[in-house]
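Summary of structural features
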Amino acid sequence: MAIKASFLLAFFLLFAGTLARQQQHQQQQQLNQCQINRINALEPYDSIQAEAGVTEFWEPDNQQFRCAGVEFIRHRIQPGGLLLPSYVNTPLMSFTEQGRGIQGVVLPGCPETYESGSEQQFSDPSKRRGQRVQDRHQKVQNLNQGDVATIPAGAAHWIYNDGNTELVVVVFFDAQNNANQLDANHRRFFLAGNPQAQSQQQQGQWQPGSHQEQPGRHQQPGRQQEQPGRHQEQPYGNAGNIFNGFDVEFLVEAFNVDKETAEKLQGQRDQRGHIVKVQQGLQIIRPPQSRQEEEREQRGHGNGFEETICSLKLKENIDNPSHVDFVNPQAGRISNLNNDKFPILRRLQLSAARGELYPNAIQSPRWMLNAHNLLYVTHGSLRVQIVNNQGESVFNDELRKGQVVVIPQNFASIKRASQEGAKWISFRTNDDAITENLAGRVSAIRSLPVDVVANAYQVSREDAQKLKYNQQQTALFSPSSSRGKGWGVLGLNTLD
Amino acid sequence: MAIKASFLLAFFLLFAGTLARQQQHQQQQQLNQCQINRINALEPYDSIQAEAGVTEFWEPDNQQFRCAGVEFIRHRIQPGGLLLPSYVNTPLMSFTEQGRGIQGVVLPGCPETYESGSEQQFSDPSKRRGQRVQDRHQKVQNLNQGDVATIPAGAAHWIYNDGNTELVVVVFFDAQNNANQLDANHRRFFLAGNPQAQSQQQQGQWQPGSHQEQPGRHQQPGRQQEQPGRHQEQPYGNAGNIFNGFDVEFLVEAFNVDKETAEKLQGQRDQRGHIVKVQQGLQIIRPPQSRQEEEREQRGHGNGFEETICSLKLKENIDNPSHVDFVNPQAGRISNLNNDKFPILRRLQLSAARGELYPNAIQSPRWMLNAHNLLYVTHGSLRVQIVNNQGESVFNDELRKGQVVVIPQNFASIKRASQEGAKWISFRTNDDAITENLAGRVSAIRSLPVDVVANAYQVSREDAQKLKYNQQQTALFSPSSSRGKGWGVLGLNTLD
Amino acid sequence: MAIKASFLLAFFLLFAGTLARQQQHQQQQQLNQCQINRINALEPYDSIQAEAGVTEFWEPDNQQFRCAGVEFIRHRIQPGGLLLPSYVNTPLMSFTEQGRGIQGVVLPGCPETYESGSEQQFSDPSKRRGQRVQDRHQKVQNLNQGDVATIPAGAAHWIYNDGNTELVVVVFFDAQNNANQLDANHRRFFLAGNPQAQSQQQQGQWQPGSHQEQPGRHQQPGRQQEQPGRHQEQPYGNAGNIFNGFDVEFLVEAFNVDKETAEKLQGQRDQRGHIVKVQQGLQIIRPPQSRQEEEREQRGHGNGFEETICSLKLKENIDNPSHVDFVNPQAGRISNLNNDKFPILRRLQLSAARGELYPNAIQSPRWMLNAHNLLYVTHGSLRVQIVNNQGESVFNDELRKGQVVVIPQNFASIKRASQEGAKWISFRTNDDAITENLAGRVSAIRSLPVDVVANAYQVSREDAQKLKYNQQQTALFSPSSSRGKGWGVLGLNTLD
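Keep in mind it's a predicted model, so treat the numbers as computed, not measured.

Let us look at the packing of aromatic side chains. This model, assessed by the stated rule, comprises 30 aromatic pairs over all chains. Centre to centre, the rings of A:Tyr87 and C:Trp367 are 4.0 Å apart; their planes meet at 5°, and the pair counts as stacked. Of the two residues, A:Tyr87 is situated in strand E4 (residues 81–88) and C:Trp367 in strand E19 (residues 362–368); the pairing between them involves two chains. A relative accessible area of 0% means that A:Tyr87 is categorised as buried. Given the relative accessible area of 1%, C:Trp367 is considered buried. Summarising the aromatic geometry, the rings of A:Phe172 and A:Phe427 are spaced 5.2 Å apart at their centres and angled 10° between planes, so their arrangement reads as stacked. With A:Phe172 in strand E12 (residues 167–174) and A:Phe427 in strand E23 (residues 412–428), this pair connects stretches of sequence that are 255 residues apart. Of the residues examined, A:Phe427 reaches a relative accessible area of 0% and is grouped as buried.

A word on the domain arrangement of chain A. Residue and element names in this part refer to chain A. Once the domains are mapped, chain A shows domain 1 (8–293) and domain 2 (318–495). Between domain 1 and domain 2, roughly 2900 Å² of surface is buried when both sides are summed, and carbon and sulfur atoms account for 64% of that area. Its largest share of buried area at the contact with domain 2, domain 1 owes to Ile 39, Met 93 and Phe 95, together 18% of the area lost on that side. Along the contact surface separating domain 1 from domain 2 lie two salt bridges. A salt bridge links Arg 38 to Asp 397; the shortest N-O distance between them is 3.0 Å. Where domain 1 meets domain 2, there are twelve residue pairs in polar contact (both at pLDDT 80 or more).

Let us now look at the environment of B:Val459. Along the chain, B:Val459 turns up in the loop between helix H10 (450–457) and helix H11 (461–469). C-alpha separation for the pair B:Val459 and B:Gln64, spaced 395 residues apart in sequence, amounts to 36 Å. Excluding residues that lie within four positions of it along the chain, B:Val459 makes contacts with B:Val453, B:Ala454, B:Ala464, B:Leu467 and C:Lys264.

Between two packed helices, both the angle of their axes relative to each other and the distance between the axes serve to describe the pair. All names here are of chain C. Interaxial distance between helix H10 (residues 450–457) and helix H11 (residues 461–469) falls to 8 Å at its minimum, and their mutual angle equals 110°. Classified by the angle between their axes, H10 and H11 sit roughly perpendicular to one another. Between H10, through Val 450, Asp 451, Val 453, Ala 454 and Tyr 457, and H11, the contact on the second element is made entirely by Arg 461, Ala 464, Gln 465, Leu 467 and Lys 468.

All right, on to the state of the cysteines then. Summed over all chains, the structure comprises six disulfides over all chains. One disulfide in the model links A:Cys34 with A:Cys67; its S-S distance is 2.0 Å. Note on the A:Cys34 and A:Cys67 pair: the S-S dihedral is about 105°, so by sign convention the disulfide is right-handed. Note that A:Cys34 is positioned in the loop between helix H2 (23–32) and strand E1 (46–50) and A:Cys67 in helix H3 (residues 63–68), a separation of 33 residues in sequence. We note that A:Cys34, like A:Cys67, is buried. The disulfide partner of B:Cys110 is B:Cys310, and the S-S distance across this bridge is 1.8 Å. Measuring handedness by torsion sign, the sulfur bridge of B:Cys110 and B:Cys310 sits at about -90° and is left-handed.

Glancing now at the interface of chain C and chain A. The partner chain A presents 78 residues to the 77 residues of chain C that form the contact. Buried area between chain C and chain A, both sides added, is near 7000 Å², and the carbon and sulfur share of it is 54%. Of the charged contacts, one joins A:Asp135 and C:Lys468 as a salt bridge, the two residues approaching to 2.8 Å between their closest N and O atoms. Scanning the region where chain C abuts chain A turns up 32 residue pairs in polar contact (both at pLDDT 80 or more). With eight residues, H11(C) is the largest single contributor of residues to the side of chain C that touches chain A. Its residues assigned to classes, the side of chain C that touches chain A shows 33 nonpolar, 32 polar and twelve charged.

Turning next to the interface of chain B and chain C. Each partner contributes to the interface: chain B provides 77 residues, whereas chain C provides 77 residues. A combined buried area of about 7000 Å² lies between chain B and chain C, and 54% of that area is made up of carbon and sulfur atoms. Across the contact surface, chain B and chain C share four salt bridges. The tally of links from chain B across to chain C stands at 34 residue pairs in polar contact (both at pLDDT 80 or more). Element by element, the count of residues in the side of chain B that touches chain C is highest for H11(B), at eight residues.

Scoring rules and cut-offs
Residues numbered from 1 in each chain as written. Chains lettered and ligands numbered in written order. Predicted model: local features only at pLDDT ≥ 70, side-chain atom pairs only at ≥ 80, totals over all residues. Heavy atoms only, no water. Phe/Tyr/Trp six-rings, centres within 6.5 Å; stacked < 30°, edge-to-face > 60°. Helix = DSSP H or I, 4+ residues; strand = E, 2+ residues; numbered from the N terminus. Buried < 20%, exposed > 50% of the residue type's maximum accessible area, 1.4 Å probe, protein only. Domains from an automatic or database assignment. Buried area = accessible area lost by both parts, 1.4 Å probe. Salt bridge = Lys/Arg side-chain N within 4 Å of Asp/Glu carboxyl O. Polar contact = N/O pair within 3.5 Å; in protein donor to acceptor, adjacent residues only side chain to side chain. Contact = heavy atoms within 4.5 Å. Axes fitted to C-alpha atoms, helices over the stretch in contact; angles between N-to-C directions. Parallel < 35°, antiparallel > 145°, perpendicular 65-115°, else oblique. Disulfide = S-S within 2.5 Å. Nonpolar A, V, L, I, M, F, W, Y, C, P; charged D, E, K, R; others polar.

Here's what the structure looks like:
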């Protein structure tokens, strides 16, 4: 098996690497980081290849991310790949865009309830080679397409792709969250792996060209103007997983193992990167794949009284039809996951929404009262317009599959699907994000007295009533809608 | 009717315009913005004239505002004037200093409970010209002198002056509030109106002189030293209400109206400014003006169980005698509106107080444990002294009607009314702001053991007892007080 | 009696004195203040001598303090010394390292429940000289060795040493706490005392040498590189206690005392500094010293329903055996004071822990999920290793009695006691600080499926089981532990 070079160091740099940003740029951002005149549709600006997958990074210093205090990455894990255990200093939400996997989240003090009592509990019994391996560990969860999973700040977690296709997981970090007491940069602490490998691989088969100074990173051109000098000053020296920073003799004593095994913890010879290929498949005890059984199993832990972190569900499938909040058969659908439907969100102060617009349908112009909103397109494409407090259009572009924009708190926006329609996932920095629509059946314009509308917009009362009542759909509007039907002065049957 | 030029652009600039502050000034403020050696009594430094009123601005970059993270403005709305619907990125509290009006607050998801069922519900039936206009909208509230009204961050609101005198409303913004996730600058997003008008009016009848570069703004001299370069770099280009940033074709579709009406939403030809003159009076359904009925009406929405934002009262008259907490017939009175009396404050983490000192009376020296305190004088004048942590007097001046000072958290202060007495309103950045008096019946000095007082101040036990017990009044002290009565060693009948 | 010169001014400077820090240094700290590559064991870098004691300061600008937003000081109060009443803009926690004393905390609105009804309630009846002195004040509390005491932000407090030995109290300030609305600098406001004394004492018997520019401060060499220019720009002028900033005529009126007494409040002639010698001992009503009685007395105020700040206990003895959470007779013990055991902590969002390691014992490598952790050694010494997110060792040193390190949130650490063993107190910036151990019976490694361990660390399943199960102790490991016992593949009796 060919082992590709992989470069955790670059990984660390991306997570921690805001050290050398230009001073002048920093200062302006600090006090006016939401003075936004231009937002761009963003794709990953950098990536780190590992043995069994790749992680792609959106530029954390882009103004729209800095304003919202959020960061965004995408893991692509090959079948049989394991994203090594790690934790970060912010709460995070992920969305499984494609594929299936198993995720483990290590919660301090929670019991190791998954126990190998019988053979059929193993995920892949055929691979156990007749040898009886007993084990006990904390519960793990299946990841399926459409799952929104949450990880509290500082909780270690890992992901294993047990499917046959690439597992694609996008991850949203809220660095401004109260749970992060470090500075507003997203940092990942690995429990395993070794970034020092890259020094041995620099001349190797991988990345021989102009990227020598940053092996392992695939950089998109033209995205660097905001962080000159950033890469040059990164620490290349003593980097690795957290065990690497301890003396091996301490580890020998703490784990009560021999020196050779303790050195394995530090993984200084590991050259696989942060996503490794599992040999012979991962044998673990896992929940049943059937959703019904899974639901029952997960709920069994809570009794409604002791809502400890151990009994809380950490994931919820946002594509589950029961979560749909708005449906318009001619226009699309919206599902929200807020603190009500997904209680862990109350602790994390985050929420998510899944949107779908059918071809050429429109989402009502609107703003979010109390949250930033990061939009990631999963299917098709849509036109998005975003407006700042000066009435300026700061974004007016096609947003395509795989692209991201951040709509800052209170900025107004409108979406129209392309010919092919569009689906997206959005992440919000509030567990009860509140939206106000500007048009439609439930909207600001309907809340205003007709005379306020008439005087504010200098229109007749008749036209004011049209502005209030002509759009009879809610939130999502079909392409041609009821245009042309026309509402007269007394068109108030809409009241009934 | 003469239409005055009005200049929403300048309005935007004041709300959003901290972009060009000098870098060096910024940085020092940032980390030590509460290292205050000098506070000044502040009056508006700028104003924006509109068709039917004017808004005056206190300088947001003044150190006392920056330290507290608050901003302050005053609307003066002429009879028949309508402050156009808008929302801001911070929670706000207003105080109606003079006049009466109607305020609408648009809360997402709340029902449109005000419905035109019969003629007498209209505020001004004489103006309906016999035409039957039906309407339905969210509840609106009367604004009367003494009302403290609150608006959650991001909630759209408008004010209409339906009285015969100028309506004067001062507004306090808490930019450091958790509900604001943008940077610490107060931004207003208008739903209607058009700042671009000013380019057509520059040579007109209004403001022809030296203010060409900032038409619509009346600037006080000598207030600019803290923000050189600020105005020059403001964007003049594509500014307007939020609809202005959307393509008109999108608006046509979203509102299902014709292009002409959609263009009215953008208001690009509107030259009236942010406060407009309502033609023929505003016909809306409104609550009864009698306080008693109004109270009953407002309480009807809540049942004590479901305290949704829709059922919460958003205003409270702080001059209502039932709110008085301290009365001293010889000295004055204090009314507090905290989270207990006014539950919405718990969500907004703000509170207010109304104070009155009779001529020459004194308020106990004191400090606030957990809040900044902005003071705005509504009647008369008073002498205020403010002391920082180094025991330095940072303010020792007369504070007159219409002036503002911010007393930062923990800074000590004392007030003495002038010969004419004084009334003020104060706004606090905590929903349960706690004050510790230094003198009087309930005070820090009384809480200390007499021997601690004697040793701390190097006085005899007798004098220590005088310090503790000579001032028998609470919080507010009459001018001559009980001075000269003298308390001896055994003056402990105060204990009973 | 000889009165030493004392210098409150310097005291103020240390609390408030971040004004003149180099701009460039500031900016870098601001956005990346947790980009830590090197942490040092810190001792006080400065101290201020007063008549009856000294306060020692840890450098607030040190990066580890800036990252965590905390500060640290140590009071050494001589027998009969009184730390003058003062308040600070942050919540604080103190630990009584040595000696005994009395602490008063002034809480606004709480009743003066301590009343001199009979003679035996006085702490030192022999000193009352036959004179009947009546008094009433808020409750005071005994401070004994091992007490963790809390003070809410802005609450005035004082400490009196009524023992026969020096009273040593270390104090932890959380400047990033929500309760602090000023900038992130710790400021102390004194109710009594006078720093201006130093100008009269400069040539005096005390500190005549090279310290003229900073009399009263004993500075350690070589600690200043981070704040050039800091001392030069401090205000020397009008400094003192908060009464000093008021006009004396206002104080005359507010306290209803003669001018001479009012001037005593300002204390401009006071030359004793911030810790003063009490003449003839302090006569106050105090709780009984016996712990049993004291507990009963303190609990009497709360009835379980009205948990006002007045009825909450403000201190708890962390050395009380009932608080021990982990005991390993071969390794040591850990006691935690969290919001459960000590409810006031829920309001302050702080907690504390007391640790003891026997000679050569080890504490599990671990990280804290949601808090910074400040470590202060009270006995013996220990080796500490701290690791950042890049796997770099940022600290690998002996930490000795009296030294401090801050372990930032999520940074990994391990401790091993020296030959003499070690005891420490640690302060956390979260009322429910959560720790994840890396090794031992309750740990991250045990939570992981054995196959994840095997693949992450490239070891056999057998070795993975050793990593999971060989260390059978919890959190604290005895020096030689069970090393050499060896766990085989089926070593799963640990499951039972």
